[in-house]
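# Summary of the model geometry
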Amino acid sequence: MPKPHCIALLGIGHTNAEVVRRWIDSPIADCRLVCISKFSFTTYSGMLPGTLANQFSIDEMQIPLGPLAEKAGAELILDECVGLDVETQTLRFANHAPLTFDALSVGIGSMPAGWDQHESPSLVPVKPMQTFIERFSQHVLQCRDAANRPPKIVVVGGGVAGVEIAFCVHTRMKHLFPKLAVSIEIVTSSDEIADGLNSRSILRLRGLLAQRSIGVTTDFRVSEVNEDEVVDQHGNRRRADVVLWVTGAAAPPLLGKLNLPTDDRGFLATEQTLRTTADAPIFAVGDSGTILSDPAPKAGVFAVREAPVLWENLNATIHRTALSRFSPQKEFLKILNTGDGKAMLQYKGYSFYASWCWQLKRWIDKRFIQQYQV
């Protein structure tokens, strides 16, 4: 009897999770599906800021991988991948036996750039998201025990993600310290916040940050993170009890251990089919991959949109048919949670700040994640 084919999913983020969901209804004949993750659950990034602001419970933003894999009839390996033999199409793990595959999709996301250059007890990188709120909460409690006051929080990174985190952390701190002043500051190496939004949206965000006394310092590239301060390249200092690192995307170290071609930032280089430029049936999706001919920003919306193409191409790889191509859209809906029951929405030059924007985001996020919470 012929041995069944094997499709392996390394990392169960936005794109690979959709493959598992589709497998439930349309499993590929004579093929096993193997899901690989370091964690027993995955966290939906779109709901992380809202969970920080106590708008969702932690369970609401998580996808338990055991039940999802079980419903799909898939195997789940909870272990750390330590390498890949491209020639033999074999993944190696820290504790599990090696796995040989017929097709592989790598979707392990990204890490915030630069956090690993610093060692400080005050530093809390936003990833891995699975443990971010727990790690942040521990730091806040430690500061509270020591001084019984709100900690001074510095958010490193002034992109959309950093601004959203700052708003939602402010809401969380006001719940914890309702009668005390909360001190939060965004520092960014850029000359403006919220890159990718239009000037009208940025001006409104600036006003909202000022209303909540959330400071913004631009042209501040962090060179040191000490126990109670951050220092920039010019020696300027900002006191900080907790440093939340929410910078732009950098390649996780594992991508450099897979012996696959990368772009100049260390992400896996792919064709428009999402298959890596290596001569092997290996795909890279979400933040993990870069389409060399048409690179897109590292944003969750692209990971979600890639899923149908990945599904088609995994089928095509097993059945030896032609692969489909993915074309990233140039314009997409952007909604930034401001942590106050409202949100900033931008689409095609239009910009709105209202409660209905938050209700729309909440509906989109809940509808998305509930597909996988089986």
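Please refer to the structure higher up on the page.
Please read all numbers here as calculations on a predicted model, not as lab measurements.

What follows is about the side chain of S110. Structurally, S110 is set in the loop between β9 (103–106) and β10 (111–112). Among the polar contacts made by the side chain of S110, one reaches the side chain of K127 at a distance of 3.2 Å. Side chain to side chain, S110 and D287 meet in a polar contact 2.7 Å long. Apart from the residues within four sequence positions on either side, S110 is in contact with K127, A249, A250, P252, F267 and D287.

Quick look at the sheet that holds β9 now. Read from one edge to the other, the open sheet built from 5 strands follows the order β5-β2-β1-β9-β21, with strand pairing classed as parallel. Of all the strands in the sheet, just β5 (75–78) and β21 (282–284) have a single pairing partner and so form its edges. Between one strand axis and the next, the sheet turns through 15° on average, direction left out of account. Two strands pair when backbone bridges link them, and strand β1 (residues 5–10) and strand β2 (residues 31–37) are joined in this way by 6 bridges, in the parallel orientation. Bridging across to β2, H5 finds its partner in C31.

Glancing now at the packing of helix α1 (residues 14–25) against helix α3 (residues 65–72). Their axes nearest at 8 Å, the elements α1 and α3 cross at an angle of 35°. Within the contact between the two elements, α1 uses V20, W23 and I24 and α3 uses L68, K71 and A72. Split into classes, the residues belonging to the contact of α1 with α3 amount to 5 nonpolar, no polar and 1 charged.

Here we take up the pairing of strand β7 (residues 90–93). Where strand β6 (residues 81–85) meets β7, 4 bridges bridge the pair, whose relative direction is antiparallel. Bridging from a neighbouring strand, D85 pairs with T90 of β7. Two successive antiparallel strands, β6 and β7, enclose a turn made up of 4 residues, where Q89 displays a positive phi of approximately 55°. Pairing of β7 with strand β8 (residues 99–100), which is carried by 2 bridges, proceeds in the antiparallel orientation. Looking at the pairing, L91 lines up with L99 of β8.

Below, the discussion takes up unusual backbone geometry. Note on backbone geometry: most residues besides glycine have negative phi, and most peptide bonds are trans. Following K127, the chain continues into P128 via a peptide bond in cis, with omega recorded as 5°. Relative to the helices and strands, P128 is located in the loop between β11 (123–125) and α4 (132–147). Even without being a glycine, N259 presents a positive backbone phi close to 60°. We note that L274 has phi near 80°; this positive angle belongs to a residue other than glycine. Along the chain, L274 turns up in the loop between β20 (268–270) and β21. A residue is classified by how much of its surface remains accessible, and L274, at 0% relative accessible area, is buried.

Reading the values: the criteria
- Residues numbered from 1 in each chain as written.
- Predicted model: local features only at pLDDT ≥ 70, side-chain atom pairs only at ≥ 80, totals over all residues.
- Heavy atoms only, no water.
- Helix = DSSP H or I, 4+ residues; strand = E, 2+ residues; numbered from the N terminus.
- Polar contact = N/O pair within 3.5 Å; in protein donor to acceptor, adjacent residues only side chain to side chain.
- Contact = heavy atoms within 4.5 Å.
- Pairing = 2+ DSSP bridges.
- Axes fitted to C-alpha atoms, helices over the stretch in contact; angles between N-to-C directions.
- Nonpolar A, V, L, I, M, F, W, Y, C, P; charged D, E, K, R; others polar.
- Buried < 20%, exposed > 50% of the residue type's maximum accessible area, 1.4 Å probe, protein only.

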